[in-house]
Amino acid sequence: MKIYFESLAMHLKGELEYRVDFILSFLSQILVFFTYYFIILALFTKFNHIKGFTLYEVLLCFSIVQFGFAFNEVFARGIDKFDELIIRGDFDRLLLRPKNIILQVLCSDSDFVKVSRLIQSIIVLIIAICHLNISWNLLKIITLLLMLFSSCIIFFGIFLMAASYCFFTVQGLEVRNVFTDGGKHMAQYPIGVFSKGFVYFFTFIIPYAFVNYYPLLFFLGRKSSILYAFSPLLVFLYLIPSIVTFYLGMKRYSSVGS
Amino acid sequence: MKAYITYFKLKFISSLQYRSAAWAGIATQFFFGFVYVMVYVAFYESGGKNLPMELSQIITYLWLNQSLLALVNQFSKDQELFKIIRDGGVSYELARPKNLYFMWYFKILGQRLANVTLRFFPLIIITTILPYPFHLGGPASLLHFLSFLLSLILGTLLVVALSVFYPIITLITMNEKGIVNLLMTIASVLSGVSIPIPFFPKFLQIISSFLPFQYISDLPFRLYVGNISLTDGVFGMCIQFIWIVIFIILGNIIMRINIKKIVVQGG
């Protein structure tokens, strides 16, 4: 763990060397995030609700998903950019070192510009919560924290799966975006608003529904069963196939040379 | 002129080689399109007030957008151009007795056309045969279709004229991120790619009508679905034409000023 934080600090120093660049990228990220926010706001000026969910309920969901995604972009950038490790042949070097391989990949890169998105998603979360009438109790606080936490976990799992894809081929990498960016875009809205087939897919195959739908129902007081409150815990199970896939892929790995 | 057409052809043919990337692109665009469509379906089923477009219109708009994304999107960067600026290869380009602006213009045009040629046909077919209400609908009328084609051609010339600015800016800043990404984001939102212009708040619609971005793809797509009347369409095409002329003249001027103080990186 110490190694990881040291490498984070190194990357941060590295990025701050190009100060103007960092500031401009930071600003442009703020703008990008704002456009996501703007799209939802604009749609809600024409519509009152989406399948019973109001603006601030959707924003709550949106901010939780964006938080998890941005968290991984900052702290697990190495996994997101795993194809570069493979293409450059740098992955071979990592294999030679006597440390956990996933930890090393995590250490290989980070993107502090995306901290802007983390901050913004927390701001949107606070705005949303302030506008919602929530009867607070300890369980609800736990649910909210679990949602945030599971959001980070699910994207970590998806990034890891997408990285495993690189062991098989580095062609057509755009397909990864379907699951990362596409998934994020979709999960901005509570999964329940989509048609049945999608809800099942995103419950059992990629468990977004346990991040942004079932616990949300409990949090908003629409369901009272305690199972809904703790459903985000199921997302942790998703890590198992992700890690297994990664190691299976690694067994097949043959270096590209250089 | 012949030289520029050769540039165009070269880029077009070489870009046609990237077929596996194209399949990945098709899959990605199809999924993204589907997500957007489902969001709007969910919204429309929940009911709204004074909706500026019908559901079938907006779905067709979204599919056209995804099918032709390679042609009209704001985020594609011609990596080759940025590379020669970074590594100094631009000096070879300058040595050629041709106008650098138009060389770049035709290269970008060639690449965009090649990318869309590889992608749009399968997407149009798949999305047309999708079940109701998710499918790509037909044009509002024959005249709407013809004006769609004409304004799409003008929109393409406009988006290329806009895209040439990015390498020109990079000549000054030596960095293709920062300011270029900032501009691309603004252009992208105001072009209606993420959300069609009629869904914008009123004040932004007014601002946007004075800017060039909505004339790239929003105008042709809305003509296709019949959300804009033909007379407004003709008016829009005049504006497209004016913006193309302004951009090309402006681009040439900025290019000429910058070339005088260009610093070639390495050699």
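Given the structure is predicted, the values throughout are model-derived calculations rather than measurements.

### Here's the deal with the overall build of chain B
Scanning chain B from N- to C-terminus turns up 12 helices and 0 strands. Listing each helix as α and each strand as β along chain B from the N terminus yields α-α-α-α-α-α-α-α-α-α-α-α. For chain B, whose C-alpha radius of gyration is 19 Å, the value lies close to the compact-globule estimate of 18 Å for 267 residues. Residue burial in chain B is summarised as follows: out of 267 residues, 45% are buried. Residue pairs at least 24 apart in sequence account for 82% of intrachain contacts in chain B once pairs closer than 6 positions are excluded.

### A short note on the overall build of chain A
If you tally the helices and strands in chain A, you get 16 helices and 0 strands. Against the globule reference of 18 Å for 258 residues, chain A gives a C-alpha radius of gyration of 19 Å, in line with a compact fold. Across the 258 residues of chain A, 40% fall into the buried class. The contacts in chain A between residues at least 6 apart in sequence include a share of 77% that link residues at least 24 apart.

### Topic: the interface of chain B and chain A
Each side of the interface is counted separately: chain B has 30 residues, and chain A has 33 residues. For the side of chain B that touches chain A, the secondary structure elements donating two or more residues are α2 (19-46) and α9 (178-190) of chain B. The element best represented in the side of chain B that touches chain A is α2 of chain B, accounting for 15 residues. Broken down by class, the residue content of the side of chain B that touches chain A amounts to 19 nonpolar, 10 polar and 1 charged.

### Examining the packing of helix α9 (residues 138-168) of chain A against helix α16 (residues 239-252) of chain A
Any two packed helices are characterised by the angle at which their axes cross and by the distance between the axes. Residue and element names in this part refer to chain A. One way to put it is that α9 packs onto α16 with a least axis distance of 8 Å and a crossing angle of 20 degrees. Viewed along their axes, α9 and α16 adopt a mutual orientation that is roughly parallel. The element α9 and its partner α16 pack so that their crossing is left-handed. In contact with I153, G157, L160, M161, A163, S164, F167 and F168 of α9, α16 contributes L239, S242, I243, T245, F246, G249, M250 and R252. Class assignment of the residues belonging to the contact of α9 with α16 gives a composition of 10 nonpolar, 5 polar and 1 charged.

### A closer look at unusual backbone geometry
Following Y132 of chain B, the chain continues into P133 of chain B via a peptide bond in cis, with omega recorded as 0 degrees. Summarising the element assignment, P133 of chain B is placed in the loop between α7 (100-128) and α8 (142-173). For K51 of chain A, which is not glycine, the phi torsion reads 50 degrees and is therefore positive. Residue position: K51 of chain A is located in the loop between α2 (19-46) and α3 (55-75).

Cut-offs and rules
Residues numbered from 1 in each chain as written. Chains lettered and ligands numbered in written order. Predicted model: local features only at pLDDT ≥ 70, side-chain atom pairs only at ≥ 80, totals over all residues. Helix = DSSP H or I, 4+ residues; strand = E, 2+ residues; numbered from the N terminus. Rg over C-alpha atoms; globule rule 2.2 N^0.38 Å. Buried ≥ 20, exposed ≤ 12 C-beta atoms within 10 Å, placed from the backbone. Contact = placed C-beta atoms within 7 Å. Nonpolar A, V, L, I, M, F, W, Y, C, P; charged D, E, K, R; others polar. Axes fitted to C-alpha atoms, helices over the stretch in contact; angles between N-to-C directions. Parallel < 35°, antiparallel > 145°, perpendicular 65-115°, else oblique. Left-handed = near helix turned anticlockwise from the far one by under 90°.

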